[in-house]
Amino acid sequence: MRIALVTGGAGGLGLATARQFARDGMRVVIADLEPAAAREAARQLDGEGHNGVGVDVASEASIVAAFDAVERDIGPIAVLAHFAGVLGAGGSATGISLIESTTEDWDRVLTVNARGSFLCVREFARRRRAKPLEHGRVITISSLAGQAGGLQSGAAYSASKAAVLGLMRTAARDLAPLGITVNAIAPGPIDTPMLAQATGATKDGAKYTKLDAVPLGRVGLPDEIAAAASFLASVGAAYVTGATIDVNGGLLMR
């Protein structure tokens, strides 16, 4: 049974993906800043043998400790799905533009989103170089904001998610000799607490101001991100690497 580590898996897109991975027959480890929330989310997954661990992706030591615990107590990780991230203070809902942005917010968002992605992907790579596995997969989470810039997410978030794309492509090249694929998902407006935070929406993206620009005419669902992650994690996706999967309702076409 393949083992999947899902960071930020106690809620939102990470939880939806953890549930899908469990349905796909993987043994899932949910890693989250709150260990109790991670364990409870893992307990509710379909099937048996799932676990939850605490991790602070801003801390290299915490990431190493989490990987140590998983690989010691459960087994080698075949799939890393890195969802942990923060929005920060920017975005149209708060009225904070680039000019009003602070270095404190910039540092916090880049530390969690960009540095955290780097640390998690690097740790996975180090483990799989030391103990290779078949069908190794890394799934990183970027954003439409990282592709188009700004939107309702602010400068720090957009920059951090653009950094994820550069990291993903570099990792895809570096890890290809190990048979590991590395890809990104770039969600558009998805019905999550983060969308509500960015836009001031109370439910269902009701205040997403660019909804008229979405060809499909609605916000996306967390399960639609999970479906993309399920494909990228699958054995059948072995020839897909260095790719960005856009799940945005057609808001960005390229």
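Refer to the structure presented above.
This section reports on the structure supplied with the text. Note that the structure is a prediction, hence the values are computed from the model and not measured.

**Overview of the overall build of the chain**
If you tally the helices and strands in the chain, you get eight helices and seven strands. The C-alpha atoms of the chain give 17 Å as radius of gyration, which agrees with the globular expectation for 254 residues (18 Å, within 12%). Dimensions of the chain, computed from the C-alpha atoms along their principal axes, are close to 45 × 35 × 35 Å. Burial analysis of the chain (254 residues in total) assigns 49% to the buried set. Counting only contacts in the chain whose residues sit at least 6 apart along the sequence, the fraction spanning at least 24 positions is 70%. Carbon and sulfur atoms make up 55% of the accessible area of the chain, which totals about 11,400 Å². Charge centroids of the chain, computed over 24 positive and 24 negative side chains, lie 4 Å from each other.

**What about the sheet that holds strand 6 (residues 181–187)?**
Spatially, 3-2-1-4-5-6-7 is the arrangement adopted by the seven strands of the open sheet, whose pairing is parallel. The open sheet has two edge strands with one neighbour each: strand 3 (51–54) and strand 7 (244–247). With direction set aside, neighbouring strand axes in the sheet form an average angle of 20°. As paired strands, strand 1 (residues 3–7) and strand 2 (residues 27–32) are joined by five bridges and run parallel to one another. Note on strand 2: the bridge partner recorded for I3 is R27. The strands touched by helix 4 (residues 103–130) are strand 1, strand 4 (79–82) and strand 5 (137–141); relative to strand 4, the strand with the most contacts, the crossing angle is about 175°.

**Side note on the nonpolar core**
In terms of nonpolar packing, the biggest core is built from 31 residues, with L5, L80 and V182 touching the most fellow members. Mapped by element, the contributors of at least two residues to this core are strand 1, strand 2, helix 3 (60–73), helix 4, helix 6 (155–175) and strand 6. Ranked by size, the runner-up nonpolar core spans 28 residues in total, among them V28, I30, A81 and V247.

**Thoughts on the side chain of T140**
Among the structural elements, T140 can be located in strand 5. Discounting residues that sit within four places of it in the chain, T140 has contacts with H82, V121, V164, M168, N183, A184 and I185.

**Concerning the pairing of strand 6**
Counting buried positions along strand 6 yields seven of seven residues, so the element is predominantly enclosed. Burial along strand 6 is two-sided: T181, N183, I185 and P187 facing one way and V182, A184 and A186 facing the other are all buried. Note: strand 5 against strand 6, five bridges, orientation parallel. Looking across to strand 6, one finds that R137 is bridged to T181. Where strand 6 meets strand 7, four bridges bridge the pair, whose relative direction is parallel. When the bridges of strand 7 are listed, A184 appears paired with T244.

Rules behind the numbers
Residues numbered from 1 in each chain as written. Predicted model: local features only at pLDDT ≥ 70, side-chain atom pairs only at ≥ 80, totals over all residues. Heavy atoms only, no water. Helix = DSSP H or I, 4+ residues; strand = E, 2+ residues; numbered from the N terminus. Rg over C-alpha atoms; globule rule 2.2 N^0.38 Å. Buried < 20%, exposed > 50% of the residue type's maximum accessible area, 1.4 Å probe, protein only. Contact = heavy atoms within 4.5 Å. Areas by Shrake-Rupley, 256 points an atom, 1.4 Å probe, with all protein chains shown as cover. Lys, Arg positive; Asp, Glu negative; His and termini not counted. Charge placed at Lys NZ, Arg CZ, Asp CG, Glu CD. Pairing = 2+ DSSP bridges. Axes fitted to C-alpha atoms, helices over the stretch in contact; angles between N-to-C directions. Core = buried A, V, L, I, M, F, W, Y, C linked by side-chain atoms within 4.5 Å.

Coordinates in, geometry out; function isn't part of it.
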